[in-house]
Amino acid sequence: MAKRPRTARGCAYELHAQVWREGAYANLAWPRILADAALSQQDRAFATELAYGSLRRFGQWQRVVEAASGRSGAALQREVLWVLVLGTHQLLAMSTPVHAAVHETVTLCKTVGLSRASGLVNAVLRRISSEPLEEWLDQITADTQDPDEQLGRRHAHPSWVVRALSESLEREDAGGEVVALLEAHNQPASTHLALLEGEPGPEDTPTPWSPRGVLAVGDPAQDPRVQAGVARVQDQGSQLAALVAAAARPAGPHARVLDACAGPGGKTAMLAASIDSPVVAVEQHPHRADLVRDSVRALEHGAVEVITGDVVDHLAHSQPYDLILLDAPCSGLGALRRRPEARWTKSAEDLTGLVATQRRLLQAGLDNLAPGGRLVYVTCSPVVAETTGQVDWAVSTVPGVEAIPTAPVLAEVAREPLEDAAVGTAVQLWPHRHHSDAMFIQILQRTRSD
């Protein structure tokens, strides 16, 4: 099938349409959009920076558009707003010349069937181009005295996210790092490969922390190791979480090992590749279970048994496990670099249901550990309610459970020591400190059976 003759800006607009109209995940939709477009390598890079950057800063650029146009975002046709956000990002965050940014964005407006709005788009973008970024940031923060709201508007985060992240840093007496963290979220993340077998090659650049990680160069899908299934795209923080789980408890060939929430399978594959025991991987959603099967296709036959179903039901009818990896559903605020739209699509109210789900899974997992067995609790979130708050709940609520210092285990598996990663008995990684997703890892042990 011939690829569509789509421009770089047209691809970026299509991503906004799929994210805001259809609820697509940008990191899943974008590769498909690029694959369907006949873009040069240079245009692919421009399109990716424009598409992802404008999604990351969507709420911030919307406020700039509102200030420049004198209209609320709700008063603008949503498709026109998407076009204006794309133009604003080029003017205020990219090195695109003003003439090109305005002219090409007006052309895009006409191309996507919004010709009647082209005059408005031209006028608003010329108004935005007349002042530098700092002037616009001062304007969009002038009407609030709330410090979290001010930080959020200036650094492109909803205020509730700023508050949650600040609280997480303050438990480490590091509240002053919040601006560095917010800005880290606005930078593209490096792409890492996890090597399930073999050593890094002479042309590989190893990741600083994960001994199984290398920096991906170019399109990872074209790497022969990825095509063969012996390497996978996986952030080094996620790799370390799986390696900590593998090292949390010596597991011989007869140990019972469970990956409790396995999809999409990156940690499953790394765990299974790092221990001698077979792994039972349970995933509730059939399409994600298929992703788990694909993730482990290069491993030895029998290394992983994938079960589609509810893990709480599975645990209720299974023998106790010696080791459980529980990568729990969470807010995902630790992966904002990779999920550019996520900060704008989530809400503080989502946490209530997530915390309840996490406790349900923790209770079931801890209740079904063999004496001396260990559960490794992982979230891609630093939020207190989802991390140290859940550990405190588990230790105080579930009889016969204790928190095991996790930083020493991380030190055993990491390529190099990670500074400032311990928080209490747990490990908390940070984008601005460790150049990884904000992965939380805590080893919990069943000391007795009650």
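Refer to the structure presented above.
In this text, all values refer to a predicted model and were calculated from it rather than measured experimentally. Positions within a chain are numbered from 1, following the residues in the order the chain's sequence is written. Thresholds applied to this predicted model are a pLDDT of at least 70 for local features of residues and 80 or more for the giving and counting of side-chain atom pairs; totals over whole chains, interfaces and linings are not thresholded and use all residues. Working from all heavy atoms in the structure, the side-chain values ignore hydrogens and water.

**Some points on the overall build of the protein**
Going by this rule: Helix and strand definitions here come from DSSP, where helices need a minimum of 4 consecutive H or I residues and strands a minimum of 2 consecutive E residues; each element is numbered from the N-terminal end. Each residue is placed in one exposure class: buried if its accessible area under a 1.4 Å probe, protein chains only, is under 20% of its type's maximum, exposed if it is over 50%, and partly exposed if it falls in between. Residues count as neighbours in contact if any of their non-hydrogen atoms are within 4.5 Å of one another. All accessibility values rest on the Shrake-Rupley procedure with a 1.4 Å probe; residue burial counts only the protein chains present in the view. Under this rule, positive means Lys or Arg and negative means Asp or Glu; His and the chain ends count for nothing. Every charge is mapped onto a representative atom, which is NZ of Lys, CZ of Arg, CG of Asp or CD of Glu.
Secondary structure assignment for the protein yields 21 helices and 12 strands. Taking the principal axes of the C-alpha coordinates as reference, the protein spans close to 70 × 55 × 40 Å. Classification of the 450 residues of the protein by burial places 56% in the buried group. In the protein, once contacts between residues fewer than 6 apart in sequence are set aside, the share between residues at least 24 apart is 74%. Carbon and sulfur atoms make up 50% of the accessible area of the protein, which amounts to about 19100 Å² in all. Positive and negative side-chain charges in the protein, numbering 41 and 53 respectively, have mean positions lying 6 Å apart.

**Overview of the packing of helix H1 (residues 8-22) against helix H5 (residues 78-93)**
The criterion, for reference: Note on definitions: angles span 0 to 180 degrees between N-to-C directions of axes, and those axes are lines fitted to C-alpha atoms, for helices only across the stretch in contact. Convention used here: angles under 35 degrees read as roughly parallel, angles over 145 as roughly antiparallel, angles from 65 to 115 as roughly perpendicular, and any remaining angle as oblique. Here a crossing is taken to be left-handed if its near helix is turned anticlockwise relative to the far helix by less than a right angle, and right-handed if that turn runs clockwise.
Contact pair H1 / H5: the axes reach a minimum separation of 10 Å and the direction vectors enclose 130°. Considered as vectors, H1 and H5 are oriented oblique to each other. Crossing of H1 against H5: the hand is right-handed. Contact residues: Arg9, Ala12, Tyr13, His16, Ala17, Trp20 and Arg21 in H1; Arg78, Glu79, Trp82, Val83, Val85, Leu86 and Gln90 in H5.

**A few points about the side chain of glutamine 90**
To keep things clear, this is the line we draw: By the criterion applied in these results, polar contacts are pairs of N or O atoms within 3.5 Å in which, for protein atoms, one can donate a hydrogen and the other can accept it, and in which residues neighboring in sequence qualify only through two side-chain atoms.
Of note, glutamine 90 is situated in helix H5. On the basis of relative accessibility, which here comes to 1%, the residue glutamine 90 falls in the buried class. A polar atom in the side chain of glutamine 90 sits 3.1 Å from the backbone oxygen of leucine 86. In this structure the side chain of glutamine 90 is engaged in a polar contact, spanning 3.3 Å, whose partner is the side chain of threonine 105. Sequence-distant contacts of glutamine 90, defined by excluding residues within four places in its chain, comprise Arg9, Phe46, Leu50, Thr96, Ala101 and Thr105.

**Quick notes on the packing of aromatic side chains**
Rules: To pair, rings of Phe, Tyr and Trp, with the six-membered ring standing in for Trp, must have centres within 6.5 Å; the planes then decide the type, stacked if under 30 degrees apart, edge-to-face if over 60, and tilted in the middle.
Inspection of every chain in the model, using the stated rule, returns 4 aromatic pairs. With a centroid separation of 4.7 Å and 45° between ring planes, the pair formed by tryptophan 20 and phenylalanine 58 is classed as tilted. One end of the pair, tryptophan 20, is in helix H1; the other, phenylalanine 58, is in helix H4 (residues 58-69), and 38 residues separate them in sequence. With relative accessibility at 8%, the residue phenylalanine 58 sits in the buried group. Aromatic side chains tryptophan 30 and tyrosine 52 sit 6.4 Å apart centroid to centroid with 55° between the ring planes, which places their arrangement in the tilted category. With tryptophan 30 in helix H2 (residues 26-35) and tyrosine 52 in helix H3 (residues 41-56), the pair connects residues that are 22 residues apart, well separated along the chain.

**Looking at the nonpolar core**
Heads up, the condition is: Among buried residues, the Ala, Val, Leu, Ile, Met, Phe, Trp, Tyr and Cys ones that are joined through side-chain atoms within 4.5 Å form a nonpolar core.
Counting residues in each nonpolar core, the largest one holds 50 residues, and the members touching the most others are Leu15, Trp30, Leu84, Val121 and Ile128. Put simply, the parts of the chain that give this core at least two residues each are H1, H2, H3, H4, H5, helix H6 (98-111), helix H7 (118-129) and helix H8 (133-141). Here this core takes 9 residues from H5, the largest share from any one element. Core analysis: the next-biggest nonpolar cluster, separate from the first, contains 46 residues, Ala246, Ala248, Val257 and Val378 among them.

**Observations concerning the sheet that holds strand E1 (residues 192-195)**
Spelled out, the test is: One requirement defines pairing of two strands: DSSP has to find at least two bridges between them.
Overall, antiparallel pairing links the 3 strands, which are arranged E2-E1-E3 in an open sheet. Unpaired on one side and paired on the other, strand E2 (213-215) and strand E3 (231-233) mark the two borders of the sheet. Geometrically, the sheet is characterised by an average inter-axis angle of 30° between neighbouring strands, direction not taken into account.

**What to know about the pairing of E1**
Every second residue of E1 is oriented toward a common face, with His192 and Ala194 on one face and Leu193 and Leu195 on the other, all of them buried. Here E1 pairs with E2 via 3 bridges, running antiparallel. Bridge pairing in E2 links leucine 193 to valine 214.

**Details of H6**
Note the following rule: Multiplying 1.5 Å by the helix residue count minus one yields the expected span of that helix. Each direction from the helix axis to a C-beta atom contributes to the arc, which is the arc of those directions.
Here H6 contains 14 residues, and its C-alpha end-to-end distance of 20 Å stays within 8% of the 20 Å for a straight helix at 1.5 Å per residue. Taken residue by residue, H6 has Ala101, Val102, Thr105, Val106, Leu108 and Cys109 as its buried positions. Down the axis, H6 shows its buried residues gathered within 155° of arc, on one side only. Facing away from the buried side of H6 by more than 90 degrees, the exposed set consists of His99 and Thr111. On its buried face, H6 is in contact with H1, H5 and H7. One or two steps after H6, the chain reaches glycine 113, where phi turns positive at roughly 85°.

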